[in-house]
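Topology and contacts: notes
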Amino acid sequence: MKTEYSVEEPLNREPGIKDLVSSYITPNDDTSYDRNHGPIPHLKAKDHKVKVDGNVKNPLELSIEDLKTRFPQHEIISALQCAGNRRHVMRTLLKEVNGLDWFEGAVMNCKWRGPKLRDILNKAGIDVKSAKGSHVAFACYKVPVQGGESWYGGSIELERAMRDGADVLVALEMNGKPLPVNHGYPVRIVVPGVSGCRSVKWLDRITVQLEESKNVYQRYDYKILPPEATDKEAAKKYWDVTPALQDMPVNSVIAIPETGETVKPSASGTIEVKGYALPHGDQGPVVKVEVSTDDGRTWKKAEILVPKEGQTKWAWALWKVTVPINKGQKRQVLSRATDRGGNVQTDKPQWNLRGVAYNGFGEARDLSVV
Ligand SMILES: Nc1nc2c(c(=O)[nH]1)N[C@H]1C(S)=C(S)[C@@H](COP(=O)(O)O)O[C@H]1N2
Ligand SMILES: [Mo]
């Protein structure tokens, strides 16, 4: 199916979870989720320029051709995940939250290619006394966003942008093809391990600055507010003092079976369980996934499927396991992931008003086992 991308209203959609986990590399079609705060601009690569300015010695204006030919090209496999992924689970299990009702498909695992942000910043020459507290801001001024702001933007720590191996890309390609229009053609940022909101699409400005992006999505959204921020009014005093979300937490999701399904175990009383798992920030790859069919009393280790592309620290892990399950109604299967850094998924994380970064155990609830 082909989605029509000339939309006035922001396009926000996710694939079915079974489709999503059917391939290690998420294809450039409807299997990859869409998250937009405004309409999707249709840009011409030959006219497009990315300005590099702010605290730099030599401001640059780069065409797509420049980005392709004047810098080494780098390719990574990285998951890109919306901070709101699994929000539905948080609102169902913990308490109502504000935000789009994402299920568990607001993530894609793709091959991204383009120059490294670091090489571009080195060419421009960073001009700050200390990287501490400084940020690199990304912006798209092409289309207004909801709520009246005329641009979309976000920023990451300058230190992260320059860190060896952080792999922040100014991506021109997704899975060996030019970026699709909906995913940011002709150029987007990809910040591996970080909430998708910083991976600005239709990028036209990179600014080295002494403070965070002033964009509303950096300052007044995409933060894990403390539980005392119980509603919009109460949240007001917390926005300025709560750090912007960057690293996403270790996570796992069960795709097969899905909540509410009727499942029929094999003659020996087992079912096959499959899903995906994600590491915390740059602490990947995921090294272990365990599954429980007795509400967390005992766990069985799942097999992590080794992709032909090789596992990378930024990628998701697909996994499967055969587990015994008792017959009955309202049965549940749980999953928990551990990454290379030793981060383990917890049972239930703390509630937050915007329902971001939910990483409670993966779960398939309300199963009828017949
Ligand atoms: N210009 C622009 N970039 C953007 C956004 C946007 O609305 N406008 N949404 C962000 C958010 S919140 C996410 S999760 C990712 C989604 O990327 P995708 O639509 O390619 O899946 O893009 C980010 N970059
Ligand atoms: Mo997002």
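Residues numbered from 1 in each chain as written. Chains lettered and ligands numbered in written order. Predicted model: local features only at pLDDT ≥ 70, side-chain atom pairs only at ≥ 80, totals over all residues. Heavy atoms only, no water.

With respect to the overall build of the protein
Our working rule: Runs of E in the DSSP output that reach at least two residues are strands. Runs of H or I that reach at least four are helices, and both are numbered from the N terminus. Two things to know: the radius of gyration comes from C-alpha atoms, and the globule rule equals 2.2 Å times the number of residues to the power 0.38. For each residue, the accessible area found with a 1.4 Å probe, counting protein chains only, is set against the maximum for its type, and the residue is called buried under 20%, exposed over 50%, and partly exposed in between. Here, Shrake-Rupley sampling with a 1.4 Å probe gives the accessible areas, and only protein chains in the shown set may cover a residue. For the purpose of counting charges, residues Lys and Arg are taken to be positive, whereas Asp and Glu are taken to be negative. His and the chain ends are not included. Note on charges: their place is set at NZ of Lys, CZ of Arg, CG of Asp or CD of Glu.
Across its full length, the protein holds 7 helices and 20 strands. Computed over its C-alpha atoms, the radius of gyration of the protein comes to 21 Å, within 12% of the 21 Å expected for a compact globule of 370 residues. Considered along the principal axes of its C-alpha atoms, the protein spans approximately 70 × 50 × 40 Å. Out of the 370 residues in the protein, the part that is buried amounts to 56%. Total accessible area on the protein is roughly 15,800 Å²; 50% of this is exposed by carbon and sulfur atoms. In the protein, the 53 positive side-chain charges and the 47 negative ones have mean positions that sit 2 Å from each other.

A closer look at the pairing of strand 19 (residues 328-339)
For the record, the criterion: At least two bridges found by DSSP between two strands are what make those strands a pair.
Here 6 bridges tie strand 15 (residues 286-292) to strand 19, and the two strands are oriented antiparallel to one another. Bridge pairing links Ser-292 to Leu-334 in strand 19. Sheet analysis places strand 19 next to strand 20 (residues 362-369), joined by 5 bridges and oriented antiparallel. Looking at strand 20, one finds that Leu-334 is bridged to Glu-363.

A word on the UniProt feature "domain: Moybdenum cofactor oxidoreductase dimerisation" (unreviewed entry) in the protein
Our working definition: UniProt positions are given in the numbering used here, feature names are shortened, and annotations may be inferred rather than shown by experiment.
Within the UniProt annotation, "domain: Moybdenum cofactor oxidoreductase dimerisation" (unreviewed entry) is assigned to residues 244-359. The annotated region residues 244-359 carries 0% helix and 41% strand content, and the separation between its end C-alpha atoms amounts to 17 Å.

Examining the domain arrangement of the protein
Quoted interface sizes are often the accessible area lost when the parts come together. The condition that has to hold: Source of the domain bounds: an automatic or database domain assignment. Two residues qualify as a contact provided that any one of their heavy atoms is within 4.5 Å of a heavy atom in the partner residue. A 1.4 Å probe defines the accessible area here, and the buried area is the portion of it lost by two parts on being joined, summed over both. The rule for a salt bridge is simple: a side-chain nitrogen of Lys or Arg has to be within 4 Å of a carboxyl oxygen of Asp or Glu.
According to the domain assignment, the protein contains domain 1 (17-241) and domain 2 (251-369). Relative placement of domain 1 and domain 2: their C-alpha centres are 27 Å apart. The interface of domain 1 with domain 2 comprises 48 residues on the first partner and 41 residues on the second. Interface of domain 1 and domain 2: buried area, both sides summed, is about 3,900 Å²; carbon and sulfur atoms make up 63% of it. Of all residues in domain 1, the largest losses of buried area upon contact with domain 2 belong to Tyr-24, Arg-86 and Met-90, amounting jointly to 19% of the total for that side. Counting across the domain 1 and domain 2 interface gives 4 salt bridges. The closest approach of N and O atoms between Arg-354 and Asp-221, which form a salt bridge, is 2.7 Å.

Quick word on the pattern of salt bridges
Evaluation of the coordinates by the stated rule reveals 24 salt bridges. Linking Glu-211 and Arg-219 is a salt bridge whose minimum nitrogen-to-oxygen distance equals 3.5 Å. The network of salt bridges with shared partners includes Lys-18, Glu-258 and Glu-261.

A word on the site of ligand 1
Our working definition: For this description, a residue counts as near a given molecule or strand if any of its non-hydrogen atoms is within 4 Å of it. Think of a polar contact as two N or O atoms within 3.5 Å of one another; within protein, one of them needs to be a possible hydrogen donor and the other a possible acceptor, and neighboring residues in sequence only count if both atoms come from side chains. By the convention adopted, Pro, Cys, Tyr, Trp, Phe, Met, Ile, Leu, Val and Ala count as nonpolar, Lys, Arg, Asp and Glu as charged, and the other residues, Gly among them, as polar.
Contacts to ligand 1 come from 19 residues, most closely from Tyr-33, His-37, His-183, Arg-188 and Lys-201. One of the backbone N or O atoms of His-37 is found 2.8 Å from an oxygen atom in ligand 1. Lys-201 has a polar side-chain atom sitting 2.5 Å from an oxygen atom of ligand 1. The residue inventory of the shell around ligand 1, partitioned by class, reads 10 nonpolar, 5 polar and 4 charged.

Points about the sheet that holds strand 14 (residues 270-278)
Judged by pairing direction, the sheet is antiparallel, and its 4 strands sit side by side in the order 12-14-18-17 without closing on themselves. Strands with a single pairing partner mark the edges of an open sheet, and in this sheet they are strand 12 (251-256) and strand 17 (303-304). Relative to strand 14, strand 12 runs antiparallel, the two being bridged by 5 bridges. Each residue of the ladder has a partner; that of Ile-256, found in strand 14, is Lys-274.

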